[in-house]
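# Understanding the architecture of this molecule
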Amino acid sequence: MQRWRGLEDIPQDWGRSVVTIGSYDGVHRGHQLIISHAVDRARELGVPSVVVTFDPHPSEVVRPGSHPPLLAPHHRRAELMAELGVDALLILPFTTEFSKLSPADFVAKVLVDKLHAKAVVEGPNFRFGHKAAGNVDFLREQGQTYDFEVEVVELYVSGAAGGGEPFSSTMTRRLVAEGDVEGAREILGRPHRVEGIVVRGAQRGRELGFPTANVETLPHTAIPADGVYAGWLHVGDEAMPAAISVGTNPQFDGTERTVEAYAIDRVGLDLYGLHVAVDFLAFVRGQARFDSIEALLEAIADDVKRSLELIEAYGAL
């Protein structure tokens with residue numbers, strides 16, 4: 001998959017293509033429907049498929065300080081889109097100047113002049129251009145002018161998660177924030193993932209016999225509610241069953257919120273300085289403070305046992 005950052009990166013000889021536009025944070029199952037439809041349509045027409053997205057998130061530019069928690073960083077979104085068969089990913093730097101582009105100018109400068117759109121595939125609620133004034137009806141009108149089709153793909157409606165509302169990144173962020181990582185997993189089609197560099201912490205886990213990887217998460221990451229979770233710790237190509245703790249460590253009067261993963265039954269791991277990923281599979285219990293270190297150790301042992309049971313129940317990744 002080709003990756004372009006900015007319109008100037010698009011090859012000069014780029015021909016017609018099928019395009020879909022959106023933030024696509026999380027690349028959840030609703031997003032997957034739209035993107036897969038664009039990929040399939042591109043193959044039918046014999047042209048490449050292109051996903052257009054933005055960095056930073058548009059809300060941060062339009063309303064500074066309102067950057068939403070992110071379900072996936074751009075490199076992870078690119079991996080997921082590549083798995084869906086996307087041919088090219090265009091990341092447009094979203095600046096104040098760019099935010100002032102009218103819907104008509106956006107169509108002309110991006111879809112027509114640069115990507116030579118033959119078809120555009122979107123969800124029913126797609127909005128674009130200055131003050132989100134453009135919608136799919138306007139896009140259809142522009143398509144008649146510039147000779148491109150517009151196809152609208154209805155989003156999935158969830159089963160248990162979210163009470164039957166259409167799948168959305170907003171709903172997924174809410175479920176993650178509430179600790180409902182199983183609900184988020186239903187919408188995403190995979191466990192919610194948090195990434196970052198392993199840094200040195202207080203090393204209390206090592207002293208207690210349960211050494212953890214203290215993950216310094218990427219900016220704006222959507223982090224689950226405080227508590228203990230079952231999941232996976234990914235290091236390179238290896239996925240290790242893990243018990244994951246999120247919170248401030250109230251047992252030791254902690255104040256800094258951390259994400260720590262204990263790779264179950266793994267001895268001698270040295271992960272400091274490595275980029276790792278943590279997948280949240282299921283909630284085990286809420287954050288708690290115990291009467292003694294002995295009670296804490298007993299709870300941790302139970303957390304590990306319960307985590308293994310949950311991981312086995314879900315099956316291998």
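Given the structure is predicted, the values throughout are model-derived calculations rather than measurements. (Residues numbered from 1 in each chain as written. Predicted model: local features only at pLDDT ≥ 70, side-chain atom pairs only at ≥ 80, totals over all residues. Heavy atoms only, no water.)

## Let's talk about the overall build of the chain
Our working rule: Numbering of helices and strands runs from the N terminus; a helix is a DSSP stretch of H or I covering at least four residues, while a strand is a stretch of E covering at least two. The contact rule is simple, with two residues in contact once any of their heavy atoms fall within 4.5 Å. Surface exposure here means Shrake-Rupley accessible area, sampled with a 1.4 Å probe, where a residue is shielded only by the protein chains that are shown. Charge counting follows a simple rule: Lys and Arg are positive, Asp and Glu are negative, and His as well as the terminal groups are ignored. Every charge is mapped onto a representative atom, which is NZ of Lys, CZ of Arg, CG of Asp or CD of Glu.
Within the chain, the secondary structure is distributed over ten helices and twelve strands. Referenced to the eigenvectors of the C-alpha coordinate spread, the extents of the chain come out at roughly 75 × 35 × 35 Å. Restricting to contacts in the chain with at least 6 residues of sequence separation, those with at least 24 account for 71%. Roughly 14900 Å² of accessible area belongs to the chain as shown, and the carbon and sulfur atoms make up 49% of that amount. Side-chain charges in the chain split into 30 positive and 45 negative, and the spacing between the mean points of these groups amounts to 3 Å.

## A look at the packing of helix α7 (residues 169-177) against helix α8 (residues 181-188)
Applied cut-off: Interaxial angles span 0 to 180 degrees and are taken between N-to-C directions of axes, which are lines fitted to C-alpha atoms, for helices over the stretch in contact. For this classification, under 35 degrees means roughly parallel, over 145 means roughly antiparallel, 65 to 115 means roughly perpendicular, and everything else is oblique. In this scheme, a crossing is called left-handed if the near helix is turned counterclockwise away from the far one by less than a right angle; it is called right-handed if the turn is clockwise. Residues were grouped as follows: Ala, Val, Leu, Ile, Met, Phe, Trp, Tyr, Cys and Pro as nonpolar; Asp, Glu, Lys and Arg as charged; and all remaining residues, including Gly, as polar.
Relative orientation of the contacting elements α7 and α8 amounts to 155°, with a least axis distance of 7 Å. By the angle class used here, α7 and α8 are roughly antiparallel. Relative to α8, the crossing made by α7 is left-handed. Here M171, T172, L175 and V176 of α7 lie close against α8, whose contacting residues are G183, A184, I187 and L188. A breakdown of the residues in the contact of α7 with α8 according to their chemical character gives six nonpolar, two polar and no charged.

## Considering helix α6 (residues 136-146)
Because each turn of an α-helix spans 3.6 residues, side chains separated by three or four positions in sequence point in the same direction. Keep this limit in mind: Between buried and exposed lies partly exposed: a residue is buried under 20% and exposed over 50% of the maximum accessible area for its type, with that area taken using a 1.4 Å probe on protein chains only. Summarising the geometry, the arc corresponds to the directions from the helix axis toward the C-beta atoms. Polar contact is the term for a pair of N or O atoms within 3.5 Å; when the atoms are in protein, one must be able to donate a hydrogen and the other to accept it, and sequence-neighboring residues count only if both atoms are side-chain atoms.
If you check which residues of α6 are buried, you get V136, L139, Q142 and G143. The buried residues of α6 all sit within an arc of 110° when viewed along its axis, so they share a single face. Of the exposed residues in α6, the ones pointing more than 90 degrees away from its buried face are Q144 and T145. Along its buried surface, α6 packs onto α5 (103-112), β5 (117-122) and β6 (149-152). Taking the backbone nitrogen of D137 as reference, a side-chain oxygen 3.2 Å away marks N135 as the first, capping residue of α6. Just beyond α6, the residue with positive phi is D147, at close to 65°.

## Things to note about the environment of T172
Within the secondary structure, T172 sits in helix α7. T172 sits in the buried class, given a relative accessible area of 0%. Separated by 41 residues in sequence, T172 and A213 place their C-alpha atoms 25 Å apart.

## Let's talk about the pattern of salt bridges
Our working rule: For salt bridges, the criterion is a side-chain nitrogen of Lys or Arg within 4 Å of an Asp or Glu carboxyl oxygen.
Counting across every chain of the model gives 16 salt bridges. A salt bridge links D147 to R16; its shortest N-O distance comes to 3.9 Å. Here R16 lies in the loop between β1 (2-5) and β2 (17-21) and D147 lies in the loop between α6 and β6, a separation of 131 residues in the sequence. On the basis of relative accessibility, which here comes to 31%, the residue R16 falls in the partly exposed class. Close ionic contact of R41 with E151 constitutes a salt bridge, the shortest N to O distance being 2.7 Å. With R41 in helix α1 (residues 29-45) and E151 in strand β6, this pair connects stretches of sequence that are 110 residues apart. For the pair shown, R41 and E151 are each scored as buried.

## Comments concerning the pairing of β6
Here is the rule: Whether two strands pair comes down to DSSP finding at least two bridges between them. The definition of a right-handed crossover adopted here requires that, viewed with the strands pointing away, the path from the first strand over the helix to the second runs clockwise.
With four bridges connecting them, β5 and β6 associate as parallel partners. Opposite V121, over in β6, you have E151 as the bridge partner. Handedness of the crossover joining β5 and β6 through α6: right-handed.

## Details of the sheet that holds strand β3 (residues 49-55)
The strand order across the open sheet formed by six strands is β1-β4-β3-β2-β5-β6, and the pairing between neighbours is parallel. Edge positions in the open sheet fall to β1 and β6, since each of these has one partner strand only. Put simply, the sheet's adjacent strands are angled 25° from each other on average, direction ignored. Note: β2 against β5, three bridges, orientation parallel. The partner of V19 across the bridge, within β5, is V120. Most of the contacts of helix α3 (residues 74-83) go to β3, to which it runs at about 165°, and overall it touches β1, β3 and β4 (88-93). α6 rests against β5 and β6 of the sheet, and its axis sits at about 155° to β6.

## Quick notes on unusual backbone geometry
Trans peptide bonds make up the majority, and among non-glycine residues the majority have a negative phi. Residue P56 is reached from D55 by a cis peptide bond, and omega for that bond is 0°. Structurally, P56 is set in the loop between β3 and α2 (58-62). In this model, D265 sits at a positive phi of 65°, which is unusual for a non-glycine residue. Tracing the chain through its elements places D265 in the loop between β11 (258-263) and β12 (275-286).

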